[in-house]
Every structure is written in C-alpha cells, then in structure tokens.
Amino acid sequence: MDIGMIRGLGTVVVMVAFVGLALWVFSSRRKSEFDEATMLPFADDPEASKHVEQAQAKASRSNNE
C-alpha cells in the first residue's frame, strides 16, 4: 500500500462518519430527545423554562403553517 491509497481510505472513512453523524443529528426521530436536552440548562429556573417552552411552541406552530 502506498501513502496515497492510505490517505484516500482515511478520507473516505472520515466522510462516511461525517455523513452518518449528520443523518443522526438531523433525524426527526431524535427531535424529542434534543428538545429535552435543550431544556437542561433551565431545569432549575421554572420561569426561564416556561419562557423557553412558550418560544418553542410558538416556533413549532409557525413551522407547521
């Protein structure tokens, strides 16, 4: 194996990993998990949590229209 072939294989491996990660992140099945993780910084502050949830609901309604 020469060095060019090894670099080419490395590029393919990184590209496949990137595409797989992008598909995982933008999967609609993961949306509820990511929405829950979004709320973690506000878990101790009920007022901030309420404000963020209202903003998310408003954004969700505008996306559905």
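Within each chain, residues carry numbers counting from 1 in the order of the written sequence. Totals for whole chains, interfaces and linings use every residue, but because this is a predicted model, local features are given only for residues with pLDDT of at least 70 and side-chain atom pairs only at 80 or more, for both listing and counting. The side-chain numbers reported here are obtained from all heavy atoms of the structure, hydrogens and water having been left aside.

Colleague: Please explain the packing of aromatic side chains as it appears in this structure.
Modeller: In this description, a pair of aromatic rings is defined by centroid distance and the angle of the planes. Centres within 6.5 Å make a pair out of two Phe, Tyr or Trp rings, where for Trp the six-membered ring is used; the pair is then stacked when the planes are under 30 degrees apart, edge-to-face when over 60, and tilted otherwise. One pass over the structure, following the stated rule, counts 1 aromatic pair. On the numbers, 5.6 Å between centres and 85° between planes, the contact of Trp 24 with Phe 34 is edge-to-face. Remark: Phe 34 occurs in helix H2 (residues 31-39) and Trp 24 occurs in helix H1 (residues 3-25); sequence separation between them is 10 residues. A simple rule labels every residue: compare its accessible area, found with a 1.4 Å probe on the protein chains alone, to the largest value its type can have, and call it buried under 20%, exposed over 50%, or partly exposed in between. On the basis of relative accessibility, which here comes to 40%, the residue Trp 24 falls in the partly exposed class. The helix count covers DSSP runs of H or I at least four residues long, the strand count covers runs of E at least two residues long, and both are numbered beginning at the N terminus.

Colleague: Looking at this structure, how should I read the environment of Gln 54?
Modeller: Looking at the element boundaries, Gln 54 is found in helix H3 (residues 46-64). Each C-alpha atom of the pair Gln 54 and Phe 42 lies 13 Å from the other, and the pair is 12 residues apart in sequence.

Colleague: Quick question: what am I supposed to make of the pattern of salt bridges here?
Modeller: Opposite charge on two side chains makes pairing possible when the charged atoms of those side chains draw close. For this document, the term salt bridge refers to a Lys or Arg side-chain nitrogen within 4 Å of an Asp or Glu carboxyl oxygen. Under the defined criterion, the tally for this structure stands at 2 salt bridges. In this structure, Arg 30 engages Glu 33 in a salt bridge whose closest nitrogen and oxygen atoms are separated by 3.6 Å. One salt bridge connects Asp 35 with Lys 31, and the closest N-O pair in it is separated by 3.0 Å. Taken together, the residues span about one helical turn, with Asp 35 and Lys 31 both in helix H2 at a distance of 4 residues. Overall, Asp 35 belongs to the partly exposed group, its relative accessible area being 30%.

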